[in-house]
Amino acid sequence: MNIAIDGPAGAGKSSIAKLAAKRLSFIYIDTGAMYRTMALYFIKQGIDANDRALVESRCDNIDIRITYEDGEQQIFLNGDNVSGEIRNEEVGNHASKIAAYRKVREKLVALQRQMAAGSDVIMDGRDIGTVVLPQADVKIYLTASAAVRAARRYKELQEKGVSCDLQKIEEDIIKRDEQDMNRENSPLRQAEDAILVDSSDMTIDEVVERIISLCEENFRRRENNA
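Asker: Residues and numbers for helix 7 (residues 146-159), please.
Answerer: Spanning 14 residues, helix 7 covers 20 Å between terminal C-alpha atoms, matching the ideal 20 Å at 1.5 Å per step. Listed as buried for helix 7 are Ala-146, Arg-149, Ala-150, Arg-153 and Leu-157. Around the axis of helix 7, the buried residues are gathered within 100 degrees of arc, so they sit on the same side. Pointing more than 90 degrees away from the buried face of helix 7 are the exposed residues Lys-155 and Glu-159. On the buried face of helix 7, the contacting elements are helix 4 (89-98) and helix 8 (166-182). Phi turns positive one or two residues past the end of helix 7, at Gly-161, with a value near 80 degrees.

Rendered as structure tokens:
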């Protein structure tokens, strides 16, 4: 069974998907981490994310491998574990840029489909329900206002002791939304058969319960039709 969760940056997709996967005993696949890993490679190589031709020419030099340790996804870039290194704002902004490139998407979509083919998975990203897993059993579009997403990110960084500016975070989120929604390849959009969940006024637990409920409804329909 495949569950697709799409939505804009900072909507809480990863946190929600991870908790729901644990409750359902599914494998959680963080596709955003894959794009971040590719972005980290280009940053380390000093390659401008706006240089599409150069970025696409180097895609074959990148090997991404995902493993699971104690239920946590670990992601490796050319043999090195970069699970922590990919979680900064610079990498996230670069990831949004390179995600627009066809060859980058082709490489990662193939890997994502391969992972979903033989397992019960929850996969989150920008185009899971529309492109990667269009036949997913449950599709959810998780969103929240830009202001709420910025406030959540600000709090998260503050708790980690990272100096940050709330207004700048919100501006970056709005910019990333524009990039993701207007890119040429696989733009961010809600699939026609996806269920909208706006978490602006919901707690994490409430969102998880909502998603679990939607999945259980699907389980029951499948059993009744069997």
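That shown, we press on.
Asker: I'd like a description of the sheet that holds strand 5 (residues 80-81), backed by residues and values.
Answerer: The three strands are arranged 3-4-5 in an open sheet whose pairing can be described as antiparallel. The open sheet has two free edges, formed respectively by strand 3 (64-69) and strand 5, since each of these has just one partner strand.

Asker: Tell me about the packing of helix 1 (residues 13-24) against helix 9 (residues 204-225), residues and numbers included.
Answerer: At a minimum axis distance of 9 Å, the contact between helix 1 and helix 9 shows a crossing angle of 50 degrees. It follows that helix 1 is oblique to helix 9 by the angle criterion. Here helix 1 runs over helix 9; the crossing is right-handed. In this structure, helix 1 uses Ile-16, Leu-19, Ala-20, Arg-23 and Leu-24 to contact helix 9, whose residues at the interface are Ile-204, Val-207, Val-208, Glu-209, Ile-211, Ile-212, Cys-215 and Phe-219. Residues that form the contact of helix 1 with helix 9 fall into these classes: eleven nonpolar, no polar and two charged.

Asker: Tell me about the pattern of salt bridges, and please be specific about residues and values.
Answerer: Side-chain pairs of opposite charge can arise whenever the charged atoms involved come near each other. Summed over the entire model, instances satisfying the criterion amount to 17 salt bridges. Put simply, Glu-106 and Arg-102 hold a salt bridge, and the shortest N to O gap is 2.9 Å. Within this pair, Glu-106 and its partner Arg-102 are both found in helix 5 (residues 102-117), separated by four residues, close to a single helical turn. For Glu-106, a relative accessible area of 44% puts it in the partly exposed group. Taken together, the shared-partner salt bridges in this structure form one network comprising Glu-89, Arg-153, Glu-156 and Lys-160.

Asker: I'd like a rundown of the packing of aromatic side chains, residues and numbers included.
Answerer: Pairs of aromatic rings are described using the distance from one ring centre to the other and the angle between the two planes. If you walk through the whole model with that rule in mind, you get one aromatic pair. Seen in terms of ring centroids, Tyr-41 and Phe-42 are 5.4 Å apart; in terms of plane orientation they differ by 80 degrees. Their pairing is edge-to-face. Overall, the relative accessible area of 7% leaves Tyr-41 in the buried class. The ring of Phe-76 carries Arg-65 above its face, with NZ or CZ at 4.4 Å from the centroid.

Asker: Now, about the nonpolar core: what can you tell me, with residues and values included?
Answerer: Among the nonpolar cores identified, the biggest contains 38 residues, and Met-38, Phe-42, Ile-75, Ile-98 and Val-104 are the most heavily contacted of them. For this core, the secondary-structure elements that each account for two or more residues are helix 2 (31-44), strand 3, strand 4 (72-77), helix 4, helix 5, strand 6 (121-125) and helix 6 (128-132). Counting residues per element, this core draws most heavily on helix 2, which supplies eight residues. If near-sequence neighbours (up to four positions away) are discounted, Val-104 is found in contact with Tyr-35, Met-38, Val-55, Cys-59 and Ile-98. In terms of nonpolar packing, the next biggest core, distinct from the first, is built from 22 residues, Ile-3, Ala-21, Ile-140 and Val-197 among them.

Asker: Please provide a residue-by-residue account of the environment of Glu-72, values included.
Answerer: Examined against the element boundaries, Glu-72 turns out to sit in strand 4. We classify Glu-72 as partly exposed; its relative accessible area is 37%. Each C-alpha atom of the pair Glu-72 and Ile-27 lies 9.5 Å from the other, and the pair is 45 residues apart in sequence. Ignoring any residue separated from it by four or fewer positions in sequence, one finds Glu-72 in contact with Lys-18 and Thr-67.

Rules behind the numbers
- Residues numbered from 1 in each chain as written.
- Predicted model: local features only at pLDDT ≥ 70, side-chain atom pairs only at ≥ 80, totals over all residues.
- Heavy atoms only, no water.
- Helix = DSSP H or I, 4+ residues; strand = E, 2+ residues; numbered from the N terminus.
- Expected span 1.5 Å × (residues − 1).
- Buried < 20%, exposed > 50% of the residue type's maximum accessible area, 1.4 Å probe, protein only.
- Arc of directions from axis to C-beta.
- Contact = heavy atoms within 4.5 Å.
- Pairing = 2+ DSSP bridges.
- Axes fitted to C-alpha atoms, helices over the stretch in contact; angles between N-to-C directions.
- Parallel < 35°, antiparallel > 145°, perpendicular 65-115°, else oblique.
- Left-handed = near helix turned anticlockwise from the far one by under 90°.
- Nonpolar A, V, L, I, M, F, W, Y, C, P; charged D, E, K, R; others polar.
- Salt bridge = Lys/Arg side-chain N within 4 Å of Asp/Glu carboxyl O.
- Phe/Tyr/Trp six-rings, centres within 6.5 Å; stacked < 30°, edge-to-face > 60°.
- Lys NZ or Arg CZ within 6 Å of the ring centre and 35° of its normal.
- Core = buried A, V, L, I, M, F, W, Y, C linked by side-chain atoms within 4.5 Å.

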